[in-house]
Amino acid sequence: MPSGPGGKTPRQLRHRLAELRGPDVRAKSLDARALAALAANPGCERRAILDGAGVDKATLAGALGSPSAFGQSQFALVRGNAFEARVKADGGTELLRLVHEKLDRSAEPPAAARVPDLSAAGHAGRAARTELALGEAVLAPGEWTLLDHPLLALDVAGSPAFLEPDAVVVHPDGSWTVVEIKSFPLLDGSADPAKVGAAARQAAVYVLALEEVAARLAAAPDAPGEAPRVRHRILLVCPKDFSNLPTASAVDVRKQRAVTARQLARLTRIEHIADALPEGTCFAPELPRERLTASVESVPASYAPECLSACELAFHCRDRSRAQDAVTTLGRPVRAELGGLTTVEDVLAAARGELGDPADPTVAALRRAAALRAEALAGAAAPTGARALAGVAGAARAEVAPCP
């Protein structure tokens, strides 16, 4: 049996990850949202090992005493399902019109489309049926094909993750497009950048899974030629303004695809993270809270406020970050501006002239900003802690900003 990058065989790695998860705890499969969140915070070893081991982070967060509020509300789910049903009504006529309008005007308008039945027993059966339908569509050039909720298998750390995009469209030229249907609105042709970014990262995961399918089809003995082209511009379908009418925008996901691919490659080497953990580390939720907390804290985390909308452990990591007085609680932009100063107290000490090299541009800017702030306060008592840091950091940004 071949060995992995660190010398372990796939069976040995799976056994090690099962030990970390807990011998009696069933692994939680990764989905597209989880993989997209990994790409959003690629430097977090804690999330990488927990997701790689199949740990249910929501259950873990509850056992740690920091229950997660992450996820969609029931109202949002119902609204989203109703909008998706409207978009796909009449055999996907409106959806295909949007694909033609936004992505493939050179093709013949989709007067009709093939909508294959993708039902099968089990995840593996549905994934195989989806792959078969994609292969059949490639062999029928000149036709539009709509795959409604196909199931794709993506290899993640040696195990298949089953992913379900809203739709995949096969164009008359045989190329494939991922369709993401969201219930947030496009107002005057634009939407919330954070929500669009999250949708793009999620779609990039589907693109990677489709590329694996295309490669397998091209490697088949009876393959007609080159692998089908997976388009890197996906279709994002949303309600128009404040109505329930669908509109769409083409979103280029090449950057998100590259980041996600790198993160998945990193996941295949999670054995290196696992090997660095103390003996006896385990994330089973039934363990005593003290031992469970020690196990979680043994893995370095990379907390940022953005984690609150992407990770079930965000509240726990935020509390720890605040307890450590870390500047990351104020956001990545502030953290990036402060160089090697990693705690609020260090930043304030540098601003007061008690710490740091005066020749360091960051330290010099902080001291100049502190002096300007002191002059502005005119002797008034200055707030301390994170509020003072926010004021100093803001003044520092103004101090070092280029002149117009």
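I will try to describe carefully the structure that is included in this document. From a predicted model like this one, the values you see are computed outputs, not experimental measurements. (Residues numbered from 1 in each chain as written. Predicted model: local features only at pLDDT ≥ 70, side-chain atom pairs only at ≥ 80, totals over all residues. Heavy atoms only, no water.)

Brief notes about the pairing of strand E4 (residues 167–170)
Neither face of E4 is exposed, since Ala167 and Val169 on one face and Val168 and Val170 on the opposite face are all buried. Bridge count between strand E1 (residues 145–148) and E4: four bridges; the pairing is antiparallel. When the sheet's bridge partners are listed, Leu147 is paired in E4 with Val168. Joining the antiparallel neighbours E4 and strand E5 (residues 176–181) is a turn of five residues, in which Gly174 adopts a positive phi near 90°. (Buried < 20%, exposed > 50% of the residue type's maximum accessible area, 1.4 Å probe, protein only. Helix = DSSP H or I, 4+ residues; strand = E, 2+ residues; numbered from the N terminus. Pairing = 2+ DSSP bridges.)

Examining the packing of helix H14 (residues 344–352) against helix H15 (residues 361–377)
At a closest axis distance of 7 Å, the pairing of H14 and H15 adopts a crossing angle of 70°. By the criterion of interaxial angle, the relationship of H14 to H15 is roughly perpendicular. In contact with Val347, Ala350 and Ala351 of H14, H15 contributes Val363, Leu366, Arg367 and Ala370. Classifying every residue of the contact of H14 with H15 gives six nonpolar, no polar and one charged. (Axes fitted to C-alpha atoms, helices over the stretch in contact; angles between N-to-C directions. Parallel < 35°, antiparallel > 145°, perpendicular 65-115°, else oblique. Contact = heavy atoms within 4.5 Å. Nonpolar A, V, L, I, M, F, W, Y, C, P; charged D, E, K, R; others polar.)

Re helix H8 (residues 193–219)
Since there are 3.6 residues in each turn of an α-helix, residues three or four apart along the chain are aligned in direction. For H8, which comprises 27 residues, the first-to-last C-alpha distance of 39 Å matches the rise-based estimate of 39 Å (1.5 Å per residue) to within 8%. With a side-chain oxygen lying 3.0 Å from the backbone nitrogen of Ala194, the N-terminal cap of H8 falls on Asp192. (Expected span 1.5 Å × (residues − 1). Polar contact = N/O pair within 3.5 Å; in protein donor to acceptor, adjacent residues only side chain to side chain.)

Things to note about the sheet that holds strand E7 (residues 246–252)
A sheet is described by the order of its strands in space; here five strands give the open sequence E1-E4-E5-E6-E7, paired in mixed fashion. Two strands close off the open sheet at either side, each with one partner strand: E1 and E7. Direction aside, the axes of adjacent strands within the sheet are offset by 25° on average. Bridge analysis of strand E6 (residues 233–239) against E7 gives seven bridges, and the strand direction is antiparallel. Among the inter-strand pairings, Pro239 is bridged to a residue of E7, identified as Pro246. The strands touched by helix H5 (residues 74–87) are E5, E6 and E7; relative to E6, the strand with the most contacts, the crossing angle is about 115°.

Comments concerning the state of the cysteines
Scanning the entire structure with this criterion turns up zero disulfides. Cysteine Cys307 is unpaired, with the sulfur of Cys311 as its nearest cysteine sulfur at 6.3 Å. (Disulfide = S-S within 2.5 Å.)

All we've got here are geometric facts, nothing functional implied.
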